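# Descriptive structure summary
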Amino acid sequence: MDGNGNGRSFNIKDCALSAIATGVRAHNLRELRDHMLRIHPGSIYYHFWGGLLRPRFDEREFNNDFALWLHEAHGLHDETLAERLAVVDPSEYADIEQLRFQLIDIMSDRLDESEKLRLTHADKPFEFIRSQIVVFDTGFRISSPEDLARTARSMTPSSYFFHFIDSRRRTPGRGNDFCEWLSNYGPEYSRLCDKLREIDPYFISLAELKNSILATFDDYFS
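The notes below deal with the structure included here. What you are looking at is a predicted structure, and each value in this text was computed from that prediction instead of being measured.

The next point concerns the overall build of the protein chain. A count of helical and extended segments in the protein chain gives 11 helices and 2 strands. When the helices and strands of the protein chain are listed from N to C terminus, the series reads β-α-α-α-α-α-α-β-α-α-α-α-α. Taken over 222 residues, the protein chain has a buried fraction of 48%. A separation of at least 24 residues holds for 71% of the contacts in the protein chain among residues at least 6 apart in sequence. Accessible surface for the protein chain amounts to roughly 11100 Å². Of this, 49% is attributable to carbon and sulfur atoms. Taken as two groups, the 27 positive and 36 negative side-chain charges of the protein chain have centres that lie 4 Å from each other.

Spelled out as structure tokens, the structure:
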């Protein structure tokens, strides 16, 4: 579909997340919780999803930056809260605001539990970064579902990020662009879309996400 919205060709796009400093820092858990009340939603998005697009030289123990800072020796080094935040899956929330208030609740509960944590200051403050997505048109156009399955093999990991993850901010049903486009072909592809929707992109790398989607296409079209 033109622009991935009007039922014609599917336009393959690519993207990058541009990191923007906010100047907002947290030196302790209370400051982190209080800043969370007001911080730009693009910052929460960046600290949960941005790690997928940043270069990684090893496997991170925690997927989101909040949990990582709480775990690090130069952060607050609070394993209890780090583990609670590490299991928060942003895919399960309708929007960033729901995710925001869940994070605030978890942090508030931990502050109530630990008087020591209320007084602890980190050696290294948490830096809130805001993201802005930059989108590129690759020029590739797909005209049939079978063509999508073939062409998907050459798509970059960041293209999968745009069409399968960032799409949740753009589509009415918080879905992925593949299923939004396939829905124009009627119920024939509903089983394929059901399988694609079962893939949770958060706790895997973009390479693993690509492999899961390709395996789903292969299974359906074989």
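On we go from here.
This part takes up helix α8 (residues 157–165). Counting buried residues in α8 gives 8 out of 9 residues, a clear majority hidden from the surface. If you follow the buried residues of α8, they end up packed against β1 (10–26), α2 (41–49), β2 (126–142), α9 (177–182), α10 (190–197) and α11 (206–221).

Of note, the phi angle at His77 is positive, near 55°, even though the residue is not glycine. If you trace the backbone, His77 turns up in the loop between α3 (65–71) and α4 (79–86). A positive phi angle is found at Arg174, which is not glycine, with a value near 55°. On the secondary structure map, Arg174 appears in the loop between α8 and α9. A residue is classified by how much of its surface remains accessible, and Arg174, at 26% relative accessible area, is partly exposed.

Overall, the coordinates contain 14 salt bridges when judged by the stated rule. Taking the shortest distance from any N to any O, the salt bridge between Asp34 and Arg33 comes out at 2.7 Å. Assessed through its relative accessible area of 26%, Asp34 is described here as partly exposed. The residue Arg150 makes a salt bridge to Asp147 at a minimum N-O spacing of 3.8 Å. A residue pair is termed a helical-turn pair when its members lie 3 or 4 positions apart in one helix, as Arg150 and Asp147 do in helix α7 (residues 145–151) at 3 residues. When its relative accessible area of 17% is taken as the criterion, Asp147 is described as buried. Salt bridges sharing common partners tie together Asp78, Arg84, Arg110 and Glu113.

Its place among the elements puts Leu32 in helix α1 (residues 29–38). Taking the C-alpha atoms as reference points, Leu32 and Phe66, separated by 34 residues in sequence, lie 8.9 Å from one another. Residues in contact with Leu32, not counting those within four places in the same chain, are Ala26, Phe66, Trp69, Met107, Phe126 and Phe128.

Rules behind the numbers
Residues numbered from 1 in each chain as written. Predicted model: local features only at pLDDT ≥ 70, side-chain atom pairs only at ≥ 80, totals over all residues. Heavy atoms only, no water. Helix = DSSP H or I, 4+ residues; strand = E, 2+ residues; numbered from the N terminus. Buried < 20%, exposed > 50% of the residue type's maximum accessible area, 1.4 Å probe, protein only. Contact = heavy atoms within 4.5 Å. Areas by Shrake-Rupley, 256 points an atom, 1.4 Å probe, with all protein chains shown as cover. Lys, Arg positive; Asp, Glu negative; His and termini not counted. Charge placed at Lys NZ, Arg CZ, Asp CG, Glu CD. Salt bridge = Lys/Arg side-chain N within 4 Å of Asp/Glu carboxyl O.

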